[in-house]
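Each chain is listed here by its residues.
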Amino acid sequence: MQFDEFSRAQLPGLVRFAAVLTGDRELAQDVVQDALVRAHRAWRQVAAADRPELYLRKMVVNGYLGWRRRWYQRSVHPTSDVARFREPTAPDPARRIADADQLSGLLARLSRAQRASIVLRFYEDRDDDEIAAVLGCAPGTVRSHISRGLSSLRVGIEEGKESV
């Protein structure tokens with residue numbers, strides 16, 4: 001498969017994945033663009049991988065985990081504006097928007113590793129070994145990130161219920 005075909009097929013899913021991961025659609029597009037540029041430079045290595053789409057997601061996660069290292073991006077903050085994540089043709093029930101807004105706010109409070117682990121597990125439906133390969137850690141560390149992240153999400157949901 002050529003890089004152009006591969007990137008065209010992967011782009012919509014990558015941007016959605018990165019948008020959930022970063023909490024900011026524009027930052028997600030930047031992270032994906034940077035990953036695609038790096039993938040193009042190393043296309044032979046990416047194409048030779050057993051799962052090139054997983055390799056590319058690892059590049060996106062690494063870009064997300066390191067995005068604050070760049071001085072010009074330090075002023076970017078995740079937003080809870082979920083309107084940017086919706087497809088234009090998708091129905092918009094008010095309850096779904098409120099839940100998505102609450103979830104986005106709760107995810108923004110997690111560490112980046114916890115957030116990446118949870119997004120890869122529940123949004124991308126990846127198993128522990130795949131997530132570990134993407135994050136570059138052990139499967140036990142992935143389970144720890146997910147467990148602690150879910151615990152934090154539960155606490156945040158309970159706090160939200162008490163304040164209503």
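Residues numbered from 1 in each chain as written. Predicted model: local features only at pLDDT ≥ 70, side-chain atom pairs only at ≥ 80, totals over all residues. Heavy atoms only, no water.

Visitor: Is there a simple way to explain the pattern of salt bridges in this structure?
Guide: A side chain of one charge can pair with a side chain of the opposite charge if their charged atoms are brought near each other. As enumerated under the stated definition, the model contains seven salt bridges in all. In this structure, R143 engages D128 in a salt bridge whose closest nitrogen and oxygen atoms are separated by 3.1 Å. Linking R143 in helix α8 (residues 139–163) with D128 in helix α7 (residues 128–135), this pair joins segments that are 15 residues apart in sequence. Three or more residues are tied together by salt bridges with common partners; here these are R51, E53 and E130. (Salt bridge = Lys/Arg side-chain N within 4 Å of Asp/Glu carboxyl O. Helix = DSSP H or I, 4+ residues; strand = E, 2+ residues; numbered from the N terminus.)

Visitor: Got a minute to help me understand the packing of aromatic side chains in this structure?
Guide: The description of an aromatic ring pair uses the distance of the two centres, along with the angle that the planes make with each other. Within this structure, the stated rule accounts for two aromatic pairs. Among the aromatic residues, those joined into a ring-pair cluster are F3, F6 and W43. (Phe/Tyr/Trp six-rings, centres within 6.5 Å; stacked < 30°, edge-to-face > 60°.)

Visitor: I would appreciate a short explanation of the environment of R51 in the present structure.
Guide: Tracing the chain through its elements places R51 in the loop between α3 (43–48) and α4 (52–65). Between the alpha carbons of R51 and E130 there is a distance of 9.9 Å; along the sequence they are 79 residues apart. Residue contacts for R51: discarding those within four places in its chain leaves R126 and E130. In this structure the side chain of R51 is engaged in a polar contact, spanning 2.5 Å, whose partner is the side chain of E130. (Contact = heavy atoms within 4.5 Å. Polar contact = N/O pair within 3.5 Å; in protein donor to acceptor, adjacent residues only side chain to side chain.)

Visitor: Would you mind going over unusual backbone geometry with me for this structure?
Guide: Among all residues except glycine, the phi angle is most often negative; among peptide bonds, the trans geometry is most common. One non-glycine residue, D125, lies in the positive phi region at around 60 degrees. By secondary structure assignment, the location of D125 is in the loop between α6 (112–123) and α7. Since its relative accessible area comes to 65%, D125 is described here as exposed. (Buried < 20%, exposed > 50% of the residue type's maximum accessible area, 1.4 Å probe, protein only.)

Visitor: What exactly am I supposed to notice about α4 here?
Guide: Here α4 contains 14 residues, and its C-alpha end-to-end distance of 20 Å stays within 8% of the 20 Å for a straight helix at 1.5 Å per residue. Among the residues making up α4, those that are buried are P52, L54, L56, R57, M59, V60, V61, G63 and Y64. Looking at the buried residues of α4, the elements they touch are α1 (3–22), α2 (25–41), α3, α6 and α7. (Expected span 1.5 Å × (residues − 1).)

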